[in-house]
Amino acid sequence: MIISVASGKGGTGKTTVATSLALALDDVQFLDCDVEEPNAGVFLASWLTGREDAVLLMPQVDETACNWCGRCQEVCAFNALAVIPPVDGGSGKVLRFDSLCHGCGACSRLCPRNAITDVPEKIGRVDWGIAHQDGSPDLDFVQGTLDIGQSLSPPVIQAVKRHLNQHKTVIIDAPPGTSCPVIEAIDGSDYCILVTEPTPFGLHDLALAVELLGKMEIPFGVVINRSNDRNQAVERFCAERNIPILFRIPYKREIAEAYSRGIPLVELSPEYRGKFRAVFESLCRTPGEAAQVRTEGES
Amino acid sequence: MDGRFGRSEYLCFLDLETLEGTCEENTLRDGQGGVGIQLAQNLVRRGVKAVITGRVGPNAADVLDAAGIPVYSAEGQTVKQAGEGLRQGLLTQIGI
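Residues numbered from 1 in each chain as written. Chains lettered and ligands numbered in written order. Predicted model: local features only at pLDDT ≥ 70, side-chain atom pairs only at ≥ 80, totals over all residues. Heavy atoms only, no water.

Colleague: I keep staring at the packing of aromatic side chains and nothing clicks. Help me out?
Modeller: All names here are of chain A. Tallied over the entire structure, the rule returns four aromatic pairs over all chains. Geometrically, the ring pair formed by Phe 30 and Phe 141 is stacked, given 5.8 Å between the ring centres and 15° between the ring planes. Remark: Phe 141 occurs in strand S7 (residues 139–146) and Phe 30 occurs in strand S2 (residues 28–32); sequence separation between them is 111 residues. Accessibility classification places Phe 30 together with Phe 141 in one group, the buried group. (Phe/Tyr/Trp six-rings, centres within 6.5 Å; stacked < 30°, edge-to-face > 60°. Helix = DSSP H or I, 4+ residues; strand = E, 2+ residues; numbered from the N terminus. Buried < 20%, exposed > 50% of the residue type's maximum accessible area, 1.4 Å probe, protein only.)

Colleague: It is not clear to me how the pairing of strand S9 (residues 191–196) of chain A should be interpreted in this structure. Could you clarify?
Modeller: Side-chain direction in a regular strand flips from residue to residue, so the side chains alternate between the two faces of the sheet. All names here are of chain A. Counting buried residues in S9 gives six out of six residues, a clear majority hidden from the surface. Where burial is concerned, the two faces of S9 agree: the one with Tyr 191, Ile 193 and Val 195 and the one with Cys 192, Leu 194 and Thr 196 are both buried. In this structure, strand S1 (residues 2–6) lies alongside S9, joined through four bridges in parallel fashion. Bridged to Ala 6 within S9 is Leu 194. The pairing of S9 with strand S10 (residues 220–227) spans five bridges and is classified as parallel. Of the residues in S10, the one forming a bridge with Ile 193 is Gly 221. Regarding topology, helix H7 (residues 200–216) serves as the crossover connection from S9 to the parallel S10, and that connection is right-handed. (Pairing = 2+ DSSP bridges. Right-handed = clockwise from strand over helix to strand, strands pointing away.)

Colleague: I'm lost on a nonpolar patch on the surface in this one. Help?
Modeller: A grouping of Met 1, Leu 14 and Val 79 of chain B is seen on the molecular surface, where their side chains present a nonpolar patch of about 200 Å² in accessible area. Following the sequence through the fold, Leu 14 of chain B ends up in strand S1 (residues 10–15). (Patch = residues over 30% accessible without salt bridge, like charges linked within 9 Å, V, L, I, M, F, W, Y side chains within 5 Å. Areas by Shrake-Rupley, 256 points an atom, 1.4 Å probe, with all protein chains shown as cover. Salt bridge = Lys/Arg side-chain N within 4 Å of Asp/Glu carboxyl O.)

Colleague: Help me understand empty space enclosed by the protein, please; the structure alone is not making it clear to me.
Modeller: A water-sized probe rolled over the atoms picks out the places where empty space is left. Residues and elements named next belong to chain A. Following the criterion strictly, the structure yields three cavities of 30 Å³ or more and no others. Lining the largest cavity are 14 residues, with Cys 76, Cys 101, Cys 104, Gly 105 and Cys 107 sitting closest to its centre. Breaking the lining of the largest cavity down by element, the ones donating at least two residues are strand S3 (46–61) and helix H4 (106–110). The residue makeup of the lining of the largest cavity, split by class, is ten nonpolar, three polar and one charged. Of the voids in this model, the second largest cavity is the one considered here, and its volume is about 90 Å³. Contributing to the lining of the second largest cavity are 15 residues, with Cys 66, Cys 69, Cys 72, Cys 111 and Ile 116 lying nearest its centre. A per-class count over the lining of the second largest cavity returns eleven nonpolar, two polar and two charged. (1 Å grid on protein atoms, 1.4 Å probe; cavity = no way out; pocket = protein on both sides within 12 Å on 5 of 7 lines; lining within 4 Å. Points joined across faces, edges and corners; volume = space filled by probe spheres on them. Nonpolar A, V, L, I, M, F, W, Y, C, P; charged D, E, K, R; others polar.)

Colleague: Sorry if this is basic, but what is going on with helix H8 (residues 232–240) of chain A here?
Modeller: Two residues of an α-helix separated by three or four positions point the same way, owing to the 3.6 residues in each turn. Residues and elements named next belong to chain A. For H8, the set of buried residues is Val 234, Phe 237 and Cys 238. With its buried residues spanning 95° around the axis, H8 presents them on a single face. Among the exposed residues of H8, those oriented more than 90 degrees off its buried face are Ala 239 and Glu 240. Trailing H8 by a residue or two, Asn 242 shows a phi angle of about 55°, which is positive. (Arc of directions from axis to C-beta.)

Colleague: Would you mind showing me how to read the state of the cysteines here?
Modeller: A covalent bond between the sulfur atoms of two cysteines is what we call a disulfide. All names here are of chain B. Across all of its chains, the model carries one disulfide over all chains by this definition. Cys 12 shares a disulfide with Cys 23; S-S distance 2.3 Å. For the disulfide bridge between Cys 12 and Cys 23, the dihedral angle about the S-S bond is near 105°, and by the sign convention the bridge is right-handed. Of the two residues, Cys 12 is situated in strand S1 and Cys 23 in strand S2 (residues 20–25); the sequence distance between them amounts to eleven residues. Accessibility expressed as a relative area gives 31% for Cys 12, which makes it partly exposed. Residue classification places Cys 23 among the exposed positions, given a relative accessible area of 55%. (Disulfide = S-S within 2.5 Å.)

Colleague: Whenever I open this one, the sheet that holds strand S4 (residues 71–73) of chain B confuses me. Can you help?
Modeller: In a beta sheet, neighbouring strands pair by backbone hydrogen bonds and run either parallel or antiparallel. Residues and elements named next belong to chain B. If you trace the three strands from one edge of the open sheet to the other, you get S3-S4-S5, paired in mixed fashion. The sheet is open, and its two edges are formed by strand S3 (51–53) and strand S5 (92–94), each paired on a single side. Averaged over all pairs of adjacent strands, the angle between their axes in this sheet comes to 40°, without regard to strand direction. Note that S4 and S5 share three bridges and pair antiparallel. Within S5, the residue paired with Val 71 across the bridge is Ile 94. (Axes fitted to C-alpha atoms, helices over the stretch in contact; angles between N-to-C directions.)

Colleague: Would you mind going over the pattern of salt bridges with me for this structure?
Modeller: Pairing is possible between side chains of opposite charge, provided their charged atoms come close. Evaluated as defined, the whole model comprises 20 salt bridges over all chains. Across the pair Asp 98 of chain A and Arg 96 of chain A runs a salt bridge whose closest N-O atoms are separated by 2.6 Å. Exposure remark for Asp 98 of chain A: the relative accessible area of 39% places this residue in the partly exposed category. Using a relative accessible area of 26% as the deciding quantity, one classes Arg 96 of chain A as partly exposed. Across the pair Arg 55 of chain B and Glu 75 of chain B runs a salt bridge, and its minimum N-O distance is 2.8 Å. You can see Arg 55 of chain B sitting in the loop between S3 and helix H2 (58–66) and its partner Glu 75 of chain B sitting in the loop between S4 and helix H3 (79–87), a full 20 residues away along the chain.

Colleague: Quick question: what am I supposed to make of the sheet that holds strand S6 (residues 116–131) of chain A here?
Modeller: Residues and elements named next belong to chain A. The mixed open sheet is built from nine strands, whose spatial order is S3-S6-S7-S2-S8-S1-S9-S10-S11. The open sheet terminates on both sides in strands that have one partner only, identified here as S3 and strand S11 (245–250). Pairs of neighbouring strands in the sheet enclose a mean axial angle of 20°, with direction left out of account. Along the sheet, helix H1 (residues 14–24) contacts S1, S2, S7, strand S8 (169–173), S9, S10 and S11; its crossing angle with S8, the most-contacted strand, is approximately 165°. (Contact = heavy atoms within 4.5 Å.)

Below is the structure:
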C-alpha cells in the first residue's frame, strides 16, 4: 500500500504526520519527496548508506551535423532551444536554455539529422539508508534533494520514486501546493492524507488540494493539525463533501515544543501510535473509505 | 510602444528608409514560458536587422545577440517616433 501525505498549504504538518505514521507501522519504506526542503530526516534519525545523482537528460547539439532546419525548436514545448542559422558566411548556433528544458527528449528523437544527443546533467541527488527511532521498527528511508539553483523538482521526485518498494508499506512525504511536484509525488498512491489547519489559509488551500485529488481519482481523508475551537469552517467543508476527518491533532504547547526539538509526535504522545495504526488498518479493510478515528478528549 | 518584448500586443515591421510598414498581433503573447525566445527566433527567421522595444529579457537578448541583431529601447514613444529615433541614431542600445 502506498500512502502519500500532502497539503495545499505549506507548514500545516505534513512531515509531522508522515513521520509519525511511518513510525507507528511495521515494515515501512519512507520516501521524502519534498525535495526542495527534505527535512523528514530531522524527525527520523537516519543512517544514509547510498547516494546517486538525479539527472535530467538535456540535448547536446552537434553543430557540425546541424542544417539549421529548426525542427528541434519547433517540437520543443518549452521554448528551450533557439536555432540561429548562419548569416553572411558566419557560423550558425543552437542555443539551449537550461532553465526551460524539461528533458523530454523530443528534440533528440525528432532531429532529422540525428545531430542531438541526450546528455545527463545533474540537478539533484537521492540518498537512502535506514531510519531508526527507539521504540519503533526501523524504516527504509529514501530522500531526494534538489540542487541549489535548479528549478525543476519532478525529475528528482521521479528518481526517489524509482526506489519505491511495492512489498513494503510506502509512506510518501509530498511537497506542498497543487502543481507538478505534488502530482509527481502522489501519483500512484492508494490513499492520500491531506493535512490542514483551522485557518482561512488552511481551508483555502485544502479546497485546492481536494480538487486536485478528485481529478487524480486518489481516495483521501483529512487530518486537522493545530485543531482548536475554530475548526467549524474546515469541519463543515469536509462534512458537505463527505470527506472523512481521520483525526485531529490539538493545538498544544507541548506538541509545538516537541516539534521544535525534532521529536516525533508518536514519541511525545504514544496514544498517536494507536490513532495512526487505526487509520492504516481501516484503509487496509476498506481502501478509499477510511473510517474516522475518534478518541476521548479530542477538541 | 509596449514596455515588453515577448508579450507585447503588436509587432510592427518598418522599412527604415520610408518608415512605412505593417503591424500584426503578437500571437505568442499569451504563451506559457519562453515567449521572448520564441519571438526573438521568429524575428531572426524573418530577417529583421534591428529590434526596437521597451525592455528585453536575458534569454531573448541572448538569441538576438547570437543572430547579431541589435536591440534598442524606445519605451513610451510612438512607433513613428521610435523609427525616426533609430534612423537618426538617437535610441539607446540595450540587451547584452
